[in-house]
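Secondary and tertiary structure notes
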Amino acid sequence: MTSRTTPSVVRFRSAFSLPGFDAPQPPGEYRVDHDEEALEGASLIAWRRVATFIHLPAISASGATRQMVPIEPASLEAALEQDQRQ
């Protein structure tokens, strides 16, 4: 089965938290990866998201420790919308 990862960058202006985080994360830009797999049909290829990960800490943060944390896309969108309203 064919798969792909689509990277993006999201920006938070304020500290934020997502379900499963131990502590709030500082404002900044964060890399987000969307893993997808191909759904092959007779005449076209469609993609289905199978996982989404956020890279911690923020891109601009220094430090040797980095981690990829699985997140729900809907939770990320809700946190970004809340950040925009602040």
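Refer to the preceding data block for the structure.
Everything quoted here is computed from the prediction, not taken from an experiment. (Residues numbered from 1 in each chain as written. Predicted model: local features only at pLDDT ≥ 70, side-chain atom pairs only at ≥ 80, totals over all residues. Heavy atoms only, no water.)

1. Observations concerning helix α1 (residues 73-85)
An α-helix turns once every 3.6 residues. As a result, residues three or four positions apart point the same way. Put simply, the rule reads: The secondary structure listing takes helices from DSSP runs of H or I that are at least 4 residues long and strands from runs of E that are at least 2 residues long, numbered from the N terminus. What a helix is expected to span follows from its residue count: subtract one and scale by 1.5 Å. When a residue's accessible area, from a 1.4 Å probe over protein chains only, is under 20% of the maximum for its type it is buried; when over 50% it is exposed; and in between it is partly exposed. The arc in question is the one traced by the directions running from the helix axis out to the C-beta atoms. Should any heavy atoms of two residues lie within 4.5 Å, those residues are considered in contact.
In a regular helix each residue adds 1.5 Å, so 13 residues correspond to 18 Å; α1 covers 19 Å between its end C-alpha atoms and thus fits that length. Leu76, Ala79, Leu80 and Asp83 are the residues of α1 that are buried. For α1, the angular spread of the buried residues around the axis is 100°, confining them to a single face. Facing away from the buried side of α1 by more than 90 degrees, the exposed set consists of Ala74 and Arg85. Where α1 is buried, its residues contact β1 (3-12) and β2 (28-40).

2. Quick word on the pairing of β2
Here is the rule: A pair of strands is considered paired only if DSSP assigns at least 2 bridges between the two.
Note that β1 and β2 share ten bridges and pair antiparallel. Looking across to β2, one finds that Thr5 is bridged to Asp35. Direction of pairing for β2 relative to strand β3 (residues 45-56): antiparallel, over a ladder of nine bridges. Its bridge partner lying in β3, Glu40 is registered against Ile45.

3. Quick notes on the environment of Glu36
Which entries qualify depends on this criterion: Here a polar contact is taken to be a pair of N or O atoms separated by no more than 3.5 Å, where protein atoms must pair a possible hydrogen donor with a possible acceptor and residues adjacent in sequence count only if both atoms sit in side chains.
For Glu36, the location among the structural elements is in strand β2. Residue Glu36 is classed as buried on the basis of its relative accessible area of 13%. Taking the C-alpha atoms as reference points, Glu36 and Thr52, 16 residues apart in sequence, are found 8.9 Å from one another. Excluding anything up to four places from it in sequence, Glu36 contacts Thr2, Ser3, Arg4, Thr6, Trp47, Arg48, Arg49 and Val50. A distance of 3.4 Å separates a polar atom in the side chain of Glu36 from a polar atom in the side chain of Thr6.

4. Comments concerning the packing of aromatic side chains
Where we set the bar: For Phe, Tyr and Trp, rings pair up if their centres lie within 6.5 Å, where Trp contributes its six-membered ring, and each pair is then called stacked (planes under 30 degrees apart), edge-to-face (over 60) or tilted (otherwise).
Tallying each qualifying case throughout the model produces four aromatic pairs. Here the aromatic rings of Phe12 and Phe16 are separated by 3.7 Å at their centres, their planes lie at 10°, and the arrangement is stacked. Under the relative-accessibility criterion, Phe12 is labelled buried at 2%. With a centroid separation of 6.2 Å and 75° between ring planes, the pair formed by Phe12 and Tyr30 is classed as edge-to-face. Separated by 18 residues along the polypeptide, Phe12 in strand β1 and Tyr30 in strand β2 bring together distant segments of the chain. Neither Phe12 nor Tyr30 differs from the other in exposure class; each is buried. Three or more aromatic residues joined by ring pairs form one cluster here, namely Phe12, Phe16, Phe21 and Tyr30.

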